[in-house]
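Notes for the structure review
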Amino acid sequence: MEKKGLLIVISGFSGAGKGTIVKRLVDRFGYSLSVSCTTRAPRPGEVDGKDYHFKTKEEFENLIDYNGFIEYAQYVDNYYGTPRAFVEQEMAKGNNVILEIEVQGAMNIKNQYPEAVLMFVTAPSAAVLKERLVGRGSEDLKTVQKRMKQAVVESNSMSVYDYIVINDDLEACVDSIQGIIKAEASKSSHNAGFIEHIKRELMEIGKE
Ligand code: ADP
Ligand code: 5GP
């Protein structure tokens with residue numbers, strides 16, 4: 001029984017824990033994670049092709065011209081984009097695909113794929129958010145401040161998301177996201193093919 005994969009969008013304030021959560025979801029449940037392209041510099045330990053495809057501005061703009069992205073956006077001085085081919089191939093195979101992208105990209109995805117599931121991850125409070133962002137130690141204070149300012153802008157889009165997920169206890173948060181994905185996969189609107197299939201089977205068996 002062919003069933004298209006779900007397109008799962010995870011957004012959230014910088015430092016809310018998206019990267020940590022998505023890694024757990026992929027490791028535990030085997031979801032297909034889209035690796036984005038970006039023009040930002042790699043953080044210590046980040047691997048090209050695994051965490052991001054790191055590109056120059058020229059390379060990125062070239063990909064835009066060739067329709068290589070299903071969405072892209074500028075976020076705090078850099079470009080970020082979702083490569084088209086991987087997402088389309090995985091969904092066609094019936095795999096559930098996770099996009100970890102910011103708010104403008106998420107809105108763009110919702111316009112193109114109305115059935116996409118949009119989740120917004122937040123820390124339990126602004127103070128905890130800042131603590132996590134500073135604690136990660138990957139950005140200088142100026143960048144942390146820019147990202148906290150960006151969070152104010154992003155908070156205006158939270159109500160457009162299908163789900164708000166509070167990342168307080170990490171494992172509880174991962175479990176609740178997994179619960180949402182399971183429920184979405186069971187929606188009748190996502191199972192139109194199966195409904196048709198069993199209807200045909202019932203008609204056939206009724207003829208015997
Ligand atoms: P994002 O990808 O949203 O920017 P990260 O996944 O990098 O955020 O997490 C930011 C920091 O917060 C990291 O140091 C991470 O280890 C930590 N962190 C993530 N989730 C939690 C949590 N539930 N409790 C405490 N610290 C967390
Ligand atoms: P970071 O620099 O912390 O890795 O990512 C900054 C922001 O860019 C995060 O909110 C992250 O979700 C977002 N992002 C990562 N990849 C993409 C992408 O392909 N498209 C869009 N629109 N945002 C992305």
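In what follows, the structure referred to is the one given above.
Read on for a plain summary of the structure. (Residues numbered from 1 in each chain as written. Chains lettered and ligands numbered in written order. Predicted model: local features only at pLDDT ≥ 70, side-chain atom pairs only at ≥ 80, totals over all residues. Heavy atoms only, no water.)

Comments concerning the overall build of the chain
Across its full length, the chain carries eight helices and nine strands. Oriented by its inertia axes, the alpha-carbon framework of the chain measures out at about 75 × 40 × 30 Å. A total of 208 residues make up the chain; the buried ones form 42% of that total. A separation of at least 24 residues holds for 66% of the contacts in the chain among residues at least 6 apart in sequence. Looking at the chain as shown, the accessible area adds up to about 11,500 Å², and 53% of this sits on carbon and sulfur atoms. Computed over 26 positive and 30 negative side-chain charges, the inter-centroid distance for the chain is 2 Å. (Helix = DSSP H or I, 4+ residues; strand = E, 2+ residues; numbered from the N terminus. Buried < 20%, exposed > 50% of the residue type's maximum accessible area, 1.4 Å probe, protein only. Contact = heavy atoms within 4.5 Å. Areas by Shrake-Rupley, 256 points an atom, 1.4 Å probe, with all protein chains shown as cover. Lys, Arg positive; Asp, Glu negative; His and termini not counted. Charge placed at Lys NZ, Arg CZ, Asp CG, Glu CD.)

Quick look at helix H3 (residues 84–92)
For an α-helix the count is 3.6 residues per turn, leaving residues at separations of three or four pointing the same way. Turning to H3, its buried residues number three or more, namely Val87, Glu90 and Met91. For H3, the arc enclosing every buried residue in end-on projection is 95°, short of the 170-degree limit, so these residues lie on one face. Residues of H3 that are buried make contact with strand S1 (7–12), strand S2 (32–33), strand S5 (69–75), strand S6 (78–83) and strand S7 (97–100). One or two positions beyond H3, positive phi appears at glycine 94, with a value near 90°. (Arc of directions from axis to C-beta.)

Section: the side chain of arginine 147
By secondary structure assignment, the location of arginine 147 is in helix H6 (residues 141–155). Under the relative-accessibility criterion, arginine 147 is labelled buried at 9%. In terms of polar contacts, arginine 147 uses its side chain to reach the side chain of serine 14, at 2.9 Å. (Polar contact = N/O pair within 3.5 Å; in protein donor to acceptor, adjacent residues only side chain to side chain.)

A closer look at the sheet that holds strand S3 (residues 37–38)
Hydrogen bonds between backbone groups are what pair the strands of a sheet, and the pairing can be parallel or antiparallel. Spatial ordering of the open sheet is given by S4-S3-S6-S5, a layout of four strands whose pairing is mixed. Edge positions in the open sheet fall to strand S4 (53–54) and S5, since each of these has one partner strand only. Of the pairings in the sheet, the one linking S3 to S4 comprises two bridges and is parallel in character. By the bridge assignment, cysteine 37 is partnered in S4 with histidine 53. (Pairing = 2+ DSSP bridges.)

Brief notes about the site of ligand 2
By nearness alone, 16 residues border ligand 2, and Arg40, Tyr52, Glu71, Tyr80 and Glu102 come closest of all. Between ligand 2 and the protein, one listed contact pairs an oxygen atom with a side-chain N or O atom of tyrosine 80 at 2.6 Å. At a separation of 3.0 Å, an oxygen atom of ligand 2 approaches a polar backbone atom of glycine 81. Its free accessible area being 510 Å², ligand 2 has 96% of it covered by the protein chains. In this structure the site holding ligand 2 corresponds to the largest pocket. Looking at the shell around ligand 2, the elements with two or more residues in it are S5 and S6. (Near = heavy atom within 4 Å. 1 Å grid on protein atoms, 1.4 Å probe; cavity = no way out; pocket = protein on both sides within 12 Å on 5 of 7 lines; lining within 4 Å. Sits in = over half its atoms within 2 Å of the grid points.)

Description of the site of ligand 1
Close to ligand 1 lie 13 residues; Gly15, Lys18, Thr20, Arg136 and Asp168 are nearest. Here an oxygen atom of ligand 1 and a side-chain polar atom of threonine 20 are 2.5 Å apart. Arginine 136 is positioned with one of its side-chain polar atoms (N or O) 2.7 Å from an oxygen atom of ligand 1. Compared with its free state, where it exposes 560 Å², ligand 1 has 71% of that area covered by protein.

What about the pattern of salt bridges?
Considering all chains together, one arrives at 17 salt bridges under this definition. Measuring nitrogen to oxygen at the nearest pair gives 2.8 Å for the salt bridge that ties lysine 23 to aspartate 27. Placement of the pair is lysine 23 and aspartate 27 together in helix H1 (residues 18–29), with a separation of four residues, close to one helical turn. Each member of the pair, lysine 23 as well as aspartate 27, carries the same accessibility label: exposed. Glutamate 204 serves as the salt-bridge partner of lysine 207, at 3.3 Å between the closest nitrogen and oxygen. Within this pair, lysine 207 and its partner glutamate 204 are both found in helix H8 (residues 192–207), separated by three residues, close to a single helical turn. When its relative accessible area of 65% is taken as the criterion, lysine 207 is described as exposed. By relative accessible area, which is 47% here, glutamate 204 ends up partly exposed. Several salt bridges converge on common partners, so that one network encompasses Arg40, Arg43, Glu46, Arg136, Glu139 and Arg147. (Salt bridge = Lys/Arg side-chain N within 4 Å of Asp/Glu carboxyl O.)

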